[in-house]
Amino acid sequence: ALRLRSVVDALPRPRWWIDFLTTEPLAFAALDAWPGTVEEFLVGELERRAEHGMPPFGHLVRIVVDGFSAAAVGAEARILADEIADALPQSRVLGPATLHRLRDRNRTALLVRGDRAAEMAGPIRAIVDGHLEGRRDPLRIVVGVDPQET
């Protein structure tokens, strides 16, 4: 009998192929270890979010710096973090944190947490515009207000 597994094994695969059929099923780490009910987890999650000023009790601005040189990306992200922290003392700057490479570009992210997105957006835009003005290197800075992905 011809099985799906036999057909998949016979197909040519690129070097990066991950064989999903032989790995353990993916699990949600937070819920697998949770001994209580889903309702208890969600109530606790809201309490934790309120305590730390995370959405919906606060706002986030995500800034991603990317470029071909890891050193240039890291240096730019550190400078941005320092300038944003100075410009927004009531907000908290988290990072920079290195992200995985994407399309041969190194990436680093900052997360700015504050009470009001509108109060953070203006100063962050001015700082980012100042860094992008007159640049000739292939460095990019992407800003997302209240991002879905952090």
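Look a little higher up for the structure.
All values reported here derive from a predicted model rather than from experimental measurement.

Parameters and conventions
Residues numbered from 1 in each chain as written. Predicted model: local features only at pLDDT ≥ 70, side-chain atom pairs only at ≥ 80, totals over all residues. Heavy atoms only, no water. Helix = DSSP H or I, 4+ residues; strand = E, 2+ residues; numbered from the N terminus. Buried < 20%, exposed > 50% of the residue type's maximum accessible area, 1.4 Å probe, protein only. Salt bridge = Lys/Arg side-chain N within 4 Å of Asp/Glu carboxyl O. Phe/Tyr/Trp six-rings, centres within 6.5 Å; stacked < 30°, edge-to-face > 60°. Lys NZ or Arg CZ within 6 Å of the ring centre and 35° of its normal. Core = buried A, V, L, I, M, F, W, Y, C linked by side-chain atoms within 4.5 Å. Pairing = 2+ DSSP bridges. Axes fitted to C-alpha atoms, helices over the stretch in contact; angles between N-to-C directions. Contact = heavy atoms within 4.5 Å. Expected span 1.5 Å × (residues − 1). Arc of directions from axis to C-beta.

Visitor: Give a detailed account of unusual backbone geometry, specifying residues and quantitative values.
Guide: With the exception of glycine, most residues fall at negative phi, and the peptide bonds are largely trans. Each neighbour pair has its own omega, and for Pro55 with Pro56 the value is 10°, a cis peptide bond. Locating Pro56 in the fold gives a position in the loop between helix 3 (38-52) and strand 1 (59-67). In this structure, Pro96 follows Gly95 across a cis peptide bond, with omega equal to 15°. Backbone geometry at Asp104 places phi at a positive 65°, although glycine is not the residue there. Relative to the helices and strands, Asp104 is located in the loop between strand 2 (92-102) and strand 3 (105-114). Positioned with a positive phi, Asp146 is a non-glycine residue whose angle comes to about 50°. Mapped onto the elements of the fold, Asp146 is located in the segment after strand 4 (140-145). Judged by its relative accessible area of 32%, Asp146 falls in the partly exposed class.

Visitor: Which residues make up the pattern of salt bridges, and what are the values?
Guide: What the rule picks out here adds up to seven salt bridges. Here Arg116 ties to Glu119 by a salt bridge, and the two come within 3.5 Å at their closest N and O atoms. Since its relative accessible area comes to 43%, Glu119 is described here as partly exposed. The network of salt bridges with shared partners includes Glu45, Arg48 and Arg49.

Visitor: Can you break down the packing of aromatic side chains residue by residue, with the values?
Guide: Applying the stated rule across the entire model yields zero aromatic pairs. Above the plane of the ring of Phe68 lies Arg105, whose end atom (NZ or CZ) is 4.7 Å from the centre.

Visitor: Describe the nonpolar core, with residues and values.
Guide: Grouped together as the largest cluster of nonpolar side chains are 18 residues, with contacts concentrated most on Ile63, Val65, Leu80, Ile84, Val112 and Ile124. Looking at this core, the elements with two or more residues in it are strand 1, helix 4 (70-87), strand 3 and helix 5 (117-132). The element best represented in this core is helix 4, accounting for five residues.

Visitor: How would you explain the sheet that holds strand 3 if you had to name every residue and give the values?
Guide: If you trace the four strands from one edge of the open sheet to the other, you get 2-3-1-4, paired in antiparallel fashion. Every other strand in the sheet has two partners, leaving strand 2 and strand 4 as the edge strands with one partner each. The sheet shows a mean angle of 20° between the axes of neighbouring strands, direction not considered. Here strand 2 pairs with strand 3 via seven bridges, running antiparallel. If you follow Arg92 over to strand 3, its bridge partner there is Arg113. Sheet strands touched by helix 4: strand 1, strand 2, strand 3 and strand 4. Its angle to strand 3, the strand with the most contacts, is close to 10°.

Visitor: Help me get a handle on helix 3, residues and values and all.
Guide: For helix 3, which comprises 15 residues, the first-to-last C-alpha distance of 21 Å matches the rise-based estimate of 21 Å (1.5 Å per residue) to within 8%. Directly after helix 3, the chain includes Gly53, whose backbone phi takes a positive value near 70°.

Visitor: Outline helix 5, listing residues and values.
Guide: For helix 5, with 16 residues, the first-to-last C-alpha span of 22 Å sits near the 22 Å given by 1.5 Å per residue. Restricting attention to buried positions, one finds in helix 5 the residues Ala117, Met120, Ile124, Ile127, Val128 and His131. Taken end-on, helix 5 shows its buried residues confined to a sector of 110°, consistent with a single buried face. Exposed side of helix 5, more than 90 degrees from the buried face: Ala118, Arg125 and Ala126 are the residues found there.

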